[in-house]
Amino acid sequence: MSYLSVAWLTFILAFSTPAVKTVEKAFLQNNPRLLYDCLVPDGRILVSMPAPISFSDQLTSQQTVFLFRDIFSAFETLEFFPEKGPGSLGPRAGFILKARWSLRDRRNRNLYVLRVFFYFKAATPAEESPRSPGPLSPWKISAIKAILI
């Protein structure tokens, strides 16, 4: 019973965390710099995107920002919103944020709809130090995976 209570509390705290709101804002504003504080500062972030983006690799947080800068310059976000609530993986494991992302190719005007999964892990004390002013989040993105729907 206590595990269920902890999982529910993790779910509520995760969905209201500034990191989820920052991710949503970054995509809606096509501003990858907003993602920087949400990414794990040390280590690698797994990024996997389907066609038309067609990219899959492990990147540093800075490389991830550069990748999304290129994506946002080639594609215009039409809508981005979290679907349901994030899936809790346990109090220490983290959670998965599932979002719907509609985008339009700026060159040929084709429309695409992606389901994007962000894996948030609990930040270590060193990762919680702010790189820029703003609300701190106990969660950091360590993987981003998208599928075409």
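All residue numbers here refer to positions counted from 1 along the written sequence of the relevant chain. Since the coordinates come from a predicted model, pLDDT governs what is reported: local features require at least 70, and pairs of side-chain atoms require 80 or more to be given and counted, while whole-chain, interface and lining totals use all residues. Side-chain metrics rest on all non-hydrogen atoms present in the structure, leaving aside hydrogens and water.

## Some remarks on unusual backbone geometry
Here the residue pair A51 and P52 is connected by a cis peptide bond, since its omega of 15° sits within 30 degrees of zero. Within the element layout of this structure, P52 appears in the loop between β1 (45-49) and β2 (55-59). A positive phi angle, close to 50°, is found at S54, a residue other than glycine. Helix numbers and strand numbers start at the N terminus; a helix is a DSSP run of H or I with at least 4 residues, a strand a run of E with at least 2. Structurally, the position occupied by S54 is in the loop between β1 and β2. Its relative accessible area of 52% is what places S54 among the exposed residues. The cut-offs for exposure are 20% and 50% of the maximum accessible area for each residue type, with area from a 1.4 Å probe on protein chains only; residues under the lower value are buried, those over the upper are exposed, and the others partly exposed.

## Observations concerning the pairing of strand β5 (residues 95-105)
Note: strand β3 (residues 75-82) against β5, seven bridges, orientation antiparallel. Paired with T77 across the two strands is L103, which belongs to β5. A pair of strands counts as paired when DSSP detects no fewer than two bridges linking them. The pairing of β5 with strand β6 (residues 111-122) spans ten bridges and is classified as antiparallel. Its bridge partner lying in β6, R104 is registered against L111. Counting the residues in the hairpin turn of β5 and β6 gives five residues, including R109, whose phi is positive at 70°.

## Digging into the confidence of the model for the protein
Residue-level confidence of the predictor is summarised by pLDDT, bounded by 0 at the bottom and 100 at the top. Put simply, the protein has an average pLDDT of 83, and 75% of its residues get 70 or more. Here helix α1 (residues 2-15) stands out as the least confident element of the protein, with mean pLDDT 44; β1 is the most confident, with 98.

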